[in-house]
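Here are the chains, one letter per residue:
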Amino acid sequence: MSKATGLKCVSCGAEYPVSRMFEGCPRCRDGEFAANLTVQYDYTDLNGLTRQEFGSWKGEGLWRFAPLLPIEAEECRISLLEGDTPLVLCRGVSEKTGVQVFAKDESRGPTWSYKDRLACVATAKALEFGAKVTTVASTGNHGAATAAYAARAGLDCVVFTLPTASEAMLSLMQAYGAKLVATTFYGRWDLMSHCVKNFGWYPLGNYVHALPTGNPFGVEGYKTIAYEICLQRDWEVPDIIVSPVAYGEGFYGIWKGFRELKQLGLIDRTPTMIAVEPSGGPLSNAVRNNLPAPVRVPSKKSVAFSINGDMIGMQALVAIRESGGTTVEVPDAEIMAAQAMFGREGLYVEPSSAASLAAVWKMARAGGLSGAKSIVCIITSSGLKDPGATAAVNPKPPVVEPQVDEMFRALKDVYGFEVASRITY
Ligand SMILES: *Cc1c(COP(=O)(O)O)cnc(C)c1O
Ligand SMILES: [Zn+2]
(Lines give C-alpha, C1' and ligand atoms only; values in the text may rest on other atoms or scores of the structure.)
(Ligands and ions follow the chains in the order given, each with its own letter.)
Protein backbone atom coordinates (compact mmCIF):
# COMPACT_ATOMS: atom_id res chain seq x y z
CA MET A 1 0.00 0.00 0.00
CA SER A 2 1.16 3.49 -0.79
CA LYS A 3 2.03 5.60 2.20
CA ALA A 4 2.08 9.17 0.89
CA THR A 5 1.62 11.38 3.94
CA GLY A 6 1.91 14.91 2.61
CA LEU A 7 3.65 17.46 0.43
CA LYS A 8 6.83 19.22 1.47
CA CYS A 9 8.57 22.29 0.08
CA VAL A 10 11.99 21.47 -1.40
CA SER A 11 13.20 24.92 -0.34
CA CYS A 12 11.81 25.95 3.08
CA GLY A 13 10.62 22.54 4.25
CA ALA A 14 7.03 23.63 4.97
CA GLU A 15 4.59 20.70 4.97
CA TYR A 16 1.08 20.42 3.56
CA PRO A 17 -1.53 17.68 3.25
CA VAL A 18 -1.76 15.63 0.05
CA SER A 19 -3.98 17.95 -1.98
CA ARG A 20 -4.39 19.67 -5.32
CA MET A 21 -1.40 22.01 -4.93
CA PHE A 22 0.27 22.83 -8.24
CA GLU A 23 1.60 26.34 -7.69
CA GLY A 24 4.43 25.45 -5.36
CA CYS A 25 4.91 26.40 -1.73
CA PRO A 26 2.67 29.30 -0.64
CA ARG A 27 4.93 30.07 2.31
CA CYS A 28 8.09 30.93 0.42
CA ARG A 29 6.61 32.21 -2.85
CA ASP A 30 8.05 35.64 -3.55
CA GLY A 31 7.87 37.57 -6.81
CA GLU A 32 9.66 35.53 -9.49
CA PHE A 33 10.54 32.82 -6.98
CA ALA A 34 8.46 29.70 -6.39
CA ALA A 35 9.57 26.39 -4.93
CA ASN A 36 8.38 22.91 -5.81
CA LEU A 37 6.46 20.73 -3.41
CA THR A 38 7.43 17.07 -3.26
CA VAL A 39 5.54 14.05 -1.95
CA GLN A 40 6.47 12.74 1.50
CA TYR A 41 6.01 9.12 2.62
CA ASP A 42 5.81 7.10 5.76
CA TYR A 43 8.30 4.29 5.15
CA THR A 44 7.56 2.41 8.40
CA ASP A 45 5.92 -0.50 6.58
CA LEU A 46 9.04 -0.84 4.43
CA ASN A 47 11.44 -1.16 7.37
CA GLY A 48 13.79 -4.06 6.75
CA LEU A 49 12.81 -4.33 3.07
CA THR A 50 15.39 -6.48 1.28
CA ARG A 51 16.71 -6.19 -2.27
CA GLN A 52 15.12 -9.53 -3.07
CA GLU A 53 11.73 -8.36 -1.84
CA PHE A 54 11.99 -5.06 -3.72
CA GLY A 55 13.06 -6.92 -6.88
CA SER A 56 10.12 -9.29 -6.69
CA TRP A 57 7.44 -6.60 -6.46
CA LYS A 58 4.83 -7.15 -9.17
CA GLY A 59 2.41 -4.89 -10.99
CA GLU A 60 1.42 -3.48 -14.37
CA GLY A 61 3.95 -0.99 -15.74
CA LEU A 62 5.10 1.50 -13.12
CA TRP A 63 2.65 0.06 -10.57
CA ARG A 64 5.18 -2.60 -9.84
CA PHE A 65 6.56 0.11 -7.57
CA ALA A 66 3.16 1.15 -6.16
CA PRO A 67 4.30 1.11 -2.50
CA LEU A 68 6.59 4.04 -3.35
CA LEU A 69 4.09 5.95 -5.50
CA PRO A 70 1.40 8.33 -4.21
CA ILE A 71 -1.76 6.51 -5.37
CA GLU A 72 -3.85 4.59 -2.83
CA ALA A 73 -6.82 3.45 -4.91
CA GLU A 74 -5.89 0.43 -6.99
CA GLU A 75 -8.64 1.10 -9.54
CA CYS A 76 -7.00 4.46 -10.32
CA ARG A 77 -3.67 2.91 -11.24
CA ILE A 78 -3.99 3.13 -15.00
CA SER A 79 -1.20 1.84 -17.21
CA LEU A 80 -0.03 1.62 -20.80
CA LEU A 81 2.66 -0.84 -19.69
CA GLU A 82 5.19 1.97 -19.42
CA GLY A 83 8.60 1.59 -17.80
CA ASP A 84 10.91 -1.41 -17.83
CA THR A 85 12.92 0.27 -20.60
CA PRO A 86 16.23 -1.30 -21.60
CA LEU A 87 19.59 -0.23 -20.22
CA VAL A 88 21.85 -0.54 -23.23
CA LEU A 89 25.64 -0.64 -22.96
CA CYS A 90 27.12 1.65 -25.64
CA ARG A 91 30.23 -0.29 -26.59
CA GLY A 92 31.85 2.18 -28.98
CA VAL A 93 31.45 5.14 -26.66
CA SER A 94 32.60 3.08 -23.66
CA GLU A 95 35.75 2.08 -25.48
CA LYS A 96 36.56 5.63 -26.48
CA THR A 97 35.95 7.17 -23.04
CA GLY A 98 37.32 4.33 -20.92
CA VAL A 99 34.12 4.41 -18.84
CA GLN A 100 31.12 2.10 -19.16
CA VAL A 101 28.46 4.27 -20.77
CA PHE A 102 24.88 2.98 -20.64
CA ALA A 103 21.78 4.40 -22.30
CA LYS A 104 18.51 4.15 -20.35
CA ASP A 105 16.34 4.10 -23.44
CA GLU A 106 13.08 5.81 -22.59
CA SER A 107 12.25 6.15 -26.27
CA ARG A 108 10.71 2.68 -25.97
CA GLY A 109 7.83 3.97 -23.83
CA PRO A 110 4.18 4.15 -24.98
CA THR A 111 4.53 7.67 -26.46
CA TRP A 112 8.27 7.30 -27.06
CA SER A 113 9.45 9.64 -24.31
CA TYR A 114 10.08 9.56 -20.56
CA LYS A 115 7.10 11.89 -19.99
CA ASP A 116 5.01 8.71 -19.96
CA ARG A 117 6.21 8.08 -16.43
CA LEU A 118 5.05 11.50 -15.29
CA ALA A 119 1.74 11.28 -17.15
CA CYS A 120 1.01 7.80 -15.79
CA VAL A 121 1.28 8.74 -12.13
CA ALA A 122 -0.15 12.26 -12.51
CA THR A 123 -3.21 10.97 -14.39
CA ALA A 124 -3.76 8.21 -11.85
CA LYS A 125 -3.81 10.93 -9.21
CA ALA A 126 -6.29 12.91 -11.32
CA LEU A 127 -8.63 9.91 -11.14
CA GLU A 128 -8.12 9.66 -7.40
CA PHE A 129 -8.95 13.35 -7.00
CA GLY A 130 -12.05 12.82 -9.16
CA ALA A 131 -10.94 15.17 -11.96
CA LYS A 132 -12.75 15.03 -15.30
CA VAL A 133 -10.39 17.04 -17.54
CA THR A 134 -6.61 16.98 -17.62
CA THR A 135 -4.59 19.78 -19.15
CA VAL A 136 -1.03 20.81 -19.93
CA ALA A 137 0.83 23.55 -21.78
CA SER A 138 3.18 21.83 -24.20
CA THR A 139 4.54 21.79 -27.72
CA GLY A 140 5.85 18.26 -27.54
CA ASN A 141 6.37 15.15 -25.45
CA HIS A 142 4.61 16.38 -22.33
CA GLY A 143 1.45 17.00 -24.34
CA ALA A 144 1.65 13.66 -26.12
CA ALA A 145 2.03 11.70 -22.88
CA THR A 146 -0.72 13.69 -21.16
CA ALA A 147 -3.06 13.02 -24.09
CA ALA A 148 -2.31 9.29 -24.20
CA TYR A 149 -2.91 8.75 -20.48
CA ALA A 150 -6.07 10.86 -20.53
CA ALA A 151 -7.31 8.53 -23.26
CA ARG A 152 -6.37 5.51 -21.17
CA ALA A 153 -8.14 6.96 -18.13
CA GLY A 154 -11.25 7.99 -20.08
CA LEU A 155 -10.73 11.68 -19.26
CA ASP A 156 -11.02 14.70 -21.51
CA CYS A 157 -7.74 16.42 -22.28
CA VAL A 158 -7.02 19.98 -23.41
CA VAL A 159 -3.48 20.85 -24.51
CA PHE A 160 -2.44 24.49 -24.75
CA THR A 161 0.18 24.68 -27.44
CA LEU A 162 1.93 27.23 -29.67
CA PRO A 163 1.37 28.01 -33.35
CA THR A 164 5.05 27.11 -33.88
CA ALA A 165 4.74 23.54 -32.58
CA SER A 166 5.76 20.84 -35.05
CA GLU A 167 3.10 19.07 -37.08
CA ALA A 168 4.40 15.69 -35.95
CA MET A 169 3.97 16.55 -32.28
CA LEU A 170 0.52 18.06 -32.80
CA SER A 171 -0.61 15.00 -34.75
CA LEU A 172 0.68 12.74 -32.02
CA MET A 173 -1.37 14.59 -29.40
CA GLN A 174 -4.48 14.63 -31.59
CA ALA A 175 -4.10 10.94 -32.34
CA TYR A 176 -4.98 10.27 -28.69
CA GLY A 177 -8.03 12.51 -28.91
CA ALA A 178 -6.63 15.55 -27.12
CA LYS A 179 -8.27 18.90 -27.84
CA LEU A 180 -5.52 21.30 -28.92
CA VAL A 181 -5.60 25.08 -28.71
CA ALA A 182 -2.65 27.19 -29.86
CA THR A 183 -2.10 30.59 -28.29
CA THR A 184 0.72 32.83 -27.03
CA PHE A 185 3.59 31.63 -24.83
CA TYR A 186 2.39 33.22 -21.59
CA GLY A 187 -1.25 33.22 -22.61
CA ARG A 188 -1.19 29.42 -22.43
CA TRP A 189 -0.50 29.54 -18.71
CA ASP A 190 -3.12 32.20 -18.03
CA LEU A 191 -5.83 30.20 -19.79
CA MET A 192 -4.73 27.03 -18.08
CA SER A 193 -4.64 28.72 -14.68
CA HIS A 194 -8.16 30.04 -15.25
CA CYS A 195 -9.48 26.58 -16.08
CA VAL A 196 -7.67 24.92 -13.17
CA LYS A 197 -9.05 27.47 -10.70
CA ASN A 198 -12.56 27.87 -12.07
CA PHE A 199 -13.41 24.52 -13.63
CA GLY A 200 -11.33 22.03 -11.71
CA TRP A 201 -9.21 21.04 -14.69
CA TYR A 202 -6.28 19.00 -13.48
CA PRO A 203 -2.82 20.21 -14.61
CA LEU A 204 0.00 17.83 -15.52
CA GLY A 205 2.49 20.65 -15.80
CA ASN A 206 3.40 24.17 -14.90
CA TYR A 207 1.16 27.22 -15.42
CA VAL A 208 2.72 29.81 -13.08
CA HIS A 209 4.86 32.68 -14.33
CA ALA A 210 7.42 32.37 -11.54
CA LEU A 211 9.86 29.42 -11.42
CA PRO A 212 7.94 26.39 -12.73
CA THR A 213 6.24 24.26 -10.06
CA GLY A 214 4.14 21.73 -11.96
CA ASN A 215 2.54 18.53 -10.73
CA PRO A 216 4.38 17.00 -7.76
CA PHE A 217 2.63 13.63 -8.13
CA GLY A 218 3.79 13.22 -11.72
CA VAL A 219 7.40 13.81 -10.70
CA GLU A 220 7.15 10.70 -8.52
CA GLY A 221 6.82 8.64 -11.69
CA TYR A 222 10.41 9.47 -12.62
CA LYS A 223 11.73 7.80 -9.45
CA THR A 224 11.06 4.48 -11.14
CA ILE A 225 13.92 5.18 -13.57
CA ALA A 226 16.33 5.01 -10.61
CA TYR A 227 14.67 1.85 -9.27
CA GLU A 228 14.94 0.13 -12.65
CA ILE A 229 18.59 1.12 -13.13
CA CYS A 230 19.49 -0.43 -9.76
CA LEU A 231 17.62 -3.63 -10.59
CA GLN A 232 19.08 -3.80 -14.10
CA ARG A 233 22.62 -3.35 -12.78
CA ASP A 234 22.07 -5.89 -10.02
CA TRP A 235 22.36 -3.10 -7.41
CA GLU A 236 25.64 -1.72 -8.70
CA VAL A 237 24.90 2.00 -8.48
CA PRO A 238 26.26 3.98 -11.45
CA ASP A 239 28.77 6.69 -10.55
CA ILE A 240 27.14 9.32 -12.72
CA ILE A 241 23.67 9.96 -14.15
CA VAL A 242 23.55 12.36 -17.07
CA SER A 243 20.16 13.73 -18.00
CA PRO A 244 18.89 16.59 -20.18
CA VAL A 245 16.78 19.14 -18.29
CA ALA A 246 14.06 21.63 -19.14
CA TYR A 247 12.03 22.24 -15.96
CA GLY A 248 14.15 19.68 -14.12
CA GLU A 249 11.22 17.46 -13.09
CA GLY A 250 12.70 14.27 -14.51
CA PHE A 251 16.10 15.16 -13.12
CA TYR A 252 14.78 15.68 -9.60
CA GLY A 253 12.56 12.59 -9.78
CA ILE A 254 15.43 10.33 -10.79
CA TRP A 255 17.59 11.78 -8.02
CA LYS A 256 14.79 11.32 -5.49
CA GLY A 257 14.49 7.67 -6.53
CA PHE A 258 18.12 7.00 -5.71
CA ARG A 259 17.92 9.01 -2.49
CA GLU A 260 14.90 6.96 -1.44
CA LEU A 261 16.64 3.63 -2.11
CA LYS A 262 19.49 4.78 0.12
CA GLN A 263 17.02 5.86 2.80
CA LEU A 264 15.46 2.38 2.63
CA GLY A 265 18.91 0.85 3.08
CA LEU A 266 18.87 -0.85 -0.33
CA ILE A 267 21.95 1.00 -1.64
CA ASP A 268 24.78 2.60 0.29
CA ARG A 269 25.72 5.37 -2.10
CA THR A 270 23.99 7.56 -4.65
CA PRO A 271 25.18 8.74 -8.08
CA THR A 272 26.39 12.21 -8.98
CA MET A 273 23.70 13.96 -11.02
CA ILE A 274 24.80 15.84 -14.11
CA ALA A 275 22.19 18.06 -15.78
CA VAL A 276 22.60 18.94 -19.45
CA GLU A 277 21.30 22.07 -21.15
CA PRO A 278 21.87 23.83 -24.45
CA SER A 279 24.41 26.65 -24.07
CA GLY A 280 23.05 29.49 -21.96
CA GLY A 281 20.60 27.36 -19.93
CA PRO A 282 19.02 28.61 -16.69
CA LEU A 283 20.33 25.83 -14.42
CA SER A 284 23.89 26.29 -15.65
CA ASN A 285 23.51 30.00 -15.01
CA ALA A 286 22.41 29.34 -11.41
CA VAL A 287 25.21 26.84 -10.77
CA ARG A 288 27.93 28.95 -12.39
CA ASN A 289 26.97 32.03 -10.40
CA ASN A 290 26.22 30.08 -7.23
CA LEU A 291 22.71 31.60 -7.05
CA PRO A 292 20.35 30.61 -4.24
CA ALA A 293 17.66 29.88 -6.86
CA PRO A 294 17.46 29.78 -10.65
CA VAL A 295 16.44 32.95 -12.47
CA ARG A 296 15.10 33.49 -15.97
CA VAL A 297 17.75 33.69 -18.71
CA PRO A 298 17.45 35.15 -22.21
CA SER A 299 15.79 32.69 -24.60
CA LYS A 300 17.86 31.33 -27.44
CA LYS A 301 17.47 28.88 -30.28
CA SER A 302 18.62 25.28 -30.07
CA VAL A 303 18.08 22.13 -32.07
CA ALA A 304 17.22 20.52 -28.72
CA PHE A 305 13.71 22.02 -28.57
CA SER A 306 12.56 19.86 -25.64
CA ILE A 307 15.17 21.34 -23.30
CA ASN A 308 15.42 24.87 -24.58
CA GLY A 309 13.60 26.74 -21.82
CA ASP A 310 14.50 30.05 -20.25
CA MET A 311 13.72 28.90 -16.71
CA ILE A 312 13.90 25.83 -14.53
CA GLY A 313 12.37 24.62 -11.28
CA MET A 314 14.01 25.02 -7.87
CA GLN A 315 14.05 21.24 -7.39
CA ALA A 316 16.63 20.81 -10.17
CA LEU A 317 19.11 22.92 -8.22
CA VAL A 318 18.29 20.93 -5.08
CA ALA A 319 19.15 17.69 -6.91
CA ILE A 320 22.45 19.14 -8.13
CA ARG A 321 23.45 20.29 -4.64
CA GLU A 322 22.29 17.17 -2.77
CA SER A 323 24.07 14.83 -5.18
CA GLY A 324 27.27 16.88 -5.52
CA GLY A 325 26.53 17.24 -9.21
CA THR A 326 26.81 20.01 -11.74
CA THR A 327 25.60 21.11 -15.15
CA VAL A 328 27.11 20.82 -18.62
CA GLU A 329 26.17 23.12 -21.49
CA VAL A 330 26.35 21.82 -25.03
CA PRO A 331 26.11 23.65 -28.36
CA ASP A 332 24.02 22.36 -31.27
CA ALA A 333 26.96 21.02 -33.28
CA GLU A 334 28.04 18.77 -30.40
CA ILE A 335 24.45 17.65 -29.85
CA MET A 336 24.10 16.56 -33.48
CA ALA A 337 27.50 14.83 -33.40
CA ALA A 338 26.32 12.94 -30.32
CA GLN A 339 23.08 11.98 -32.08
CA ALA A 340 25.17 10.40 -34.84
CA MET A 341 27.32 8.66 -32.22
CA PHE A 342 24.22 7.14 -30.62
CA GLY A 343 23.12 6.20 -34.13
CA ARG A 344 26.24 4.13 -34.56
CA GLU A 345 25.34 2.34 -31.33
CA GLY A 346 22.00 1.47 -32.92
CA LEU A 347 20.02 4.09 -31.02
CA TYR A 348 18.14 6.94 -32.68
CA VAL A 349 17.45 9.60 -30.07
CA GLU A 350 15.90 13.06 -30.03
CA PRO A 351 18.51 15.86 -30.17
CA SER A 352 17.52 16.82 -26.61
CA SER A 353 18.42 13.29 -25.49
CA ALA A 354 21.64 13.23 -27.51
CA ALA A 355 22.71 16.22 -25.43
CA SER A 356 23.48 13.76 -22.61
CA LEU A 357 26.13 12.00 -24.67
CA ALA A 358 27.49 15.33 -25.89
CA ALA A 359 27.96 16.18 -22.21
CA VAL A 360 29.74 12.89 -21.47
CA TRP A 361 32.04 13.60 -24.37
CA LYS A 362 32.74 17.10 -23.12
CA MET A 363 33.46 15.85 -19.59
CA ALA A 364 35.75 13.13 -20.94
CA ARG A 365 37.76 15.70 -22.91
CA ALA A 366 38.05 17.94 -19.85
CA GLY A 367 39.22 15.00 -17.68
CA GLY A 368 36.01 15.19 -15.66
CA LEU A 369 35.36 11.43 -15.77
CA SER A 370 38.47 10.32 -13.93
CA GLY A 371 37.54 7.88 -11.21
CA ALA A 372 34.13 7.11 -12.72
CA LYS A 373 33.50 3.53 -13.82
CA SER A 374 29.94 3.71 -15.05
CA ILE A 375 27.69 6.39 -16.44
CA VAL A 376 24.03 6.22 -17.38
CA CYS A 377 22.72 8.64 -20.02
CA ILE A 378 18.96 9.09 -19.87
CA ILE A 379 17.59 8.81 -23.41
CA THR A 380 14.48 10.87 -22.83
CA SER A 381 12.88 10.47 -26.28
CA SER A 382 13.09 9.13 -29.81
CA GLY A 383 14.83 10.69 -32.79
CA LEU A 384 11.66 10.17 -34.81
CA LYS A 385 10.09 13.12 -32.97
CA ASP A 386 12.26 15.40 -35.10
CA PRO A 387 13.74 13.67 -38.14
CA GLY A 388 14.19 17.05 -39.83
CA ALA A 389 17.05 17.88 -37.46
CA THR A 390 18.89 14.75 -38.59
CA ALA A 391 18.15 15.32 -42.27
CA ALA A 392 19.67 18.79 -41.99
CA VAL A 393 23.10 17.43 -41.00
CA ASN A 394 23.19 14.46 -43.38
CA PRO A 395 23.77 14.34 -47.13
CA LYS A 396 20.70 14.05 -49.33
CA PRO A 397 20.59 10.42 -50.54
CA PRO A 398 21.91 10.43 -54.14
CA VAL A 399 19.58 9.27 -56.90
CA VAL A 400 21.38 7.20 -59.56
CA GLU A 401 20.54 5.27 -62.69
CA PRO A 402 20.45 1.55 -61.89
CA GLN A 403 24.02 1.10 -63.05
CA VAL A 404 26.78 -0.41 -60.95
CA ASP A 405 29.48 2.13 -61.86
CA GLU A 406 27.28 5.08 -61.17
CA MET A 407 26.14 3.58 -57.87
CA PHE A 408 29.73 3.02 -56.75
CA ARG A 409 30.69 6.55 -57.77
CA ALA A 410 27.80 7.97 -55.72
CA LEU A 411 28.80 5.89 -52.67
CA LYS A 412 32.32 7.25 -52.96
CA ASP A 413 31.37 10.86 -53.70
CA VAL A 414 28.64 11.23 -51.11
CA TYR A 415 29.84 8.93 -48.33
CA GLY A 416 33.54 8.44 -49.04
CA PHE A 417 32.76 4.72 -49.15
CA GLU A 418 35.33 2.88 -51.29
CA VAL A 419 34.31 -0.47 -52.63
CA ALA A 420 36.90 -3.22 -52.33
CA SER A 421 38.24 -4.42 -55.66
CA ARG A 422 37.53 -8.02 -54.82
CA ILE A 423 34.78 -9.92 -53.13
CA THR A 424 35.02 -9.78 -49.34
CA TYR A 425 32.88 -11.90 -47.09
C1 LIG B 1 10.56 17.17 -21.23
C2 LIG B 1 11.81 16.63 -21.80
C3 LIG B 1 13.03 16.79 -21.15
C4 LIG B 1 13.20 17.58 -19.88
O5 LIG B 1 12.37 17.16 -18.84
P6 LIG B 1 12.12 18.11 -17.60
O7 LIG B 1 11.49 17.25 -16.59
O8 LIG B 1 11.22 19.23 -18.04
O9 LIG B 1 13.46 18.63 -17.17
C10 LIG B 1 14.15 16.21 -21.71
N11 LIG B 1 14.07 15.54 -22.89
C12 LIG B 1 12.92 15.38 -23.54
C13 LIG B 1 12.93 14.65 -24.83
C14 LIG B 1 11.75 15.91 -23.03
O15 LIG B 1 10.60 15.76 -23.69
ZN1 LIG C 1 8.56 26.80 0.87
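A short tour of the structure in this document, coming up.

Procedures and definitions
Residues numbered from 1 in each chain as written. Chains lettered and ligands numbered in written order. Predicted model: local features only at pLDDT ≥ 70, side-chain atom pairs only at ≥ 80, totals over all residues. Heavy atoms only, no water. Salt bridge = Lys/Arg side-chain N within 4 Å of Asp/Glu carboxyl O. Helix = DSSP H or I, 4+ residues; strand = E, 2+ residues; numbered from the N terminus. Buried < 20%, exposed > 50% of the residue type's maximum accessible area, 1.4 Å probe, protein only. Axes fitted to C-alpha atoms, helices over the stretch in contact; angles between N-to-C directions. Parallel < 35°, antiparallel > 145°, perpendicular 65-115°, else oblique. Left-handed = near helix turned anticlockwise from the far one by under 90°. Contact = heavy atoms within 4.5 Å. Nonpolar A, V, L, I, M, F, W, Y, C, P; charged D, E, K, R; others polar. Pairing = 2+ DSSP bridges. Core = buried A, V, L, I, M, F, W, Y, C linked by side-chain atoms within 4.5 Å. Donors = N, O, S within 2.8 Å, 3.2 Å for Na, K, Ca; no water. Tetrahedral: all angles 85-135°; square planar, octahedral: opposite > 155°, others 65-115°. Disulfide = S-S within 2.5 Å. Phe/Tyr/Trp six-rings, centres within 6.5 Å; stacked < 30°, edge-to-face > 60°. Lys NZ or Arg CZ within 6 Å of the ring centre and 35° of its normal. Near = heavy atom within 4 Å. Polar contact = N/O pair within 3.5 Å; in protein donor to acceptor, adjacent residues only side chain to side chain. Areas by Shrake-Rupley, 256 points an atom, 1.4 Å probe, with all protein chains shown as cover. 1 Å grid on protein atoms, 1.4 Å probe; cavity = no way out; pocket = protein on both sides within 12 Å on 5 of 7 lines; lining within 4 Å. Sits in = over half its atoms within 2 Å of the grid points.

## Some thoughts on the pattern of salt bridges
Enumeration according to the criterion identifies 18 salt bridges in this entry. A salt bridge links Arg117 to Glu106; the shortest N-O distance between them is 2.6 Å. You can see Arg117 sitting in helix α3 (residues 115-129) and its partner Glu106 sitting in the loop between β5 (100-105) and α3, a full 11 residues away along the chain. Arg117 gets classed as buried once you look at its relative accessible area, which sits at 1%.

## Regarding the packing of helix α8 (residues 223-232) against helix α9 (residues 249-263)
Where α8 meets α9, the axes come as close as 6 Å, and the angle between the chain directions of the two elements is 55°. Put simply, α8 runs oblique to α9. Seen along the crossing, α8 lies across α9 with a hand that is right-handed. When α8 is examined against α9, the residues Lys223, Ile225, Ala226, Tyr227, Ile229 and Cys230 are found in contact with a partner set consisting of Gly253, Ile254, Lys256, Gly257, Phe258, Glu260 and Leu261. Its residues assigned to classes, the contact of α8 with α9 comprises 8 nonpolar, 2 polar and 3 charged.

## Looking at the sheet that holds strand β6 (residues 133-137)
Strand order across the open sheet formed by 4 strands is β8-β7-β6-β9, with parallel pairing between neighbours. The two strands at the open ends of the sheet, each matched to only one other strand, are β8 (179-182) and β9 (202-203). The pairing of strand β7 (residues 156-161) with β8 spans 4 bridges and is classified as parallel. Residue Phe160 lies in a different strand from β8, and its bridge partner there is Val181.

## Side note on the nonpolar core
Membership of the largest hydrophobic core comes to 105 residues, with the highest contact counts inside it found for Phe54, Ile254 and Phe258. In this view, Phe54 contacts Leu49, Phe65, Leu68, Tyr227, Leu231, Trp235, Leu261 and Leu266; residues no more than four positions away in its chain are not counted.

## Things to note about the coordination of the zinc ion (ligand 2)
Tetrahedral coordination by four donors puts the ideal angle at the metal at 109.5 degrees, and octahedral coordination by six puts it at 90 or 180 degrees. Taken together, the protein ligands of the zinc ion (ligand 2) are Cys9 (SG), Cys12 (SG), Cys25 (SG) and Cys28 (SG), with distances of 2.3 Å. Note that the zinc ion (ligand 2) binds 4 donor atoms; their angles at the metal cover 103 to 120°, and the shape is tetrahedral.

## Digging into the state of the cysteines
Under the counting rule described, the total for this entry stands at 0 disulfides. You can see Cys377 has no disulfide; the closest cysteine sulfur is in Cys90, sitting 6.9 Å from it.

## A look at the packing of aromatic side chains
What the rule picks out here adds up to 13 aromatic pairs. Taking the centre distance of 5.4 Å and the plane angle of 80° together, the rings of Phe22 and Tyr202 count as edge-to-face. In this pair, Phe22 is assigned in the loop between β2 (15-16) and β3 (37-41) and Tyr202 in strand β9, connecting sequence segments 180 residues apart. Assigned by exposure class, Phe22 and Tyr202 land together as buried. Grouping aromatic residues by their ring pairs yields a cluster made of Phe54, Trp57, Phe65, Tyr227 and Trp235. In this structure, Lys125 packs its charged tip against the face of Phe217, placed 5.3 Å from the ring centre. Directly above the aromatic system of Phe185 lies the positively charged group of Arg188, at a separation of 4.7 Å from the ring centroid.

## A few points about the site of ligand 1
In the vicinity of ligand 1 lie 14 residues, with Tyr114, Lys115, Asn141, Ala246 and Gly248 positioned nearest. Separating an oxygen atom of ligand 1 from a side-chain N or O atom of Tyr114 is a distance of 2.6 Å. Lys115 is positioned with one of its side-chain polar atoms (N or O) 2.9 Å from an oxygen atom of ligand 1. When ligand 1 sits alone it has 380 Å² of accessible area, and the protein chains cover 96% of it. Its atoms largely coinciding with the cavity grid, ligand 1 occupies the largest pocket. The residue inventory of the shell around ligand 1, partitioned by class, reads 5 nonpolar, 6 polar and 3 charged.

## Overview of unusual backbone geometry
Unlike most non-glycine residues, Leu81 shows phi in positive territory, near 60°. Structurally, the position occupied by Leu81 is in the loop between α1 (51-55) and β4 (87-89). Given the relative accessible area of 59%, Leu81 is considered exposed. The residue Trp235 is not glycine, and still its phi comes out positive at about 75°. Summarising the element assignment, Trp235 is placed in the loop between α8 and β10 (240-244).

Purely geometric numbers; function is a separate question.
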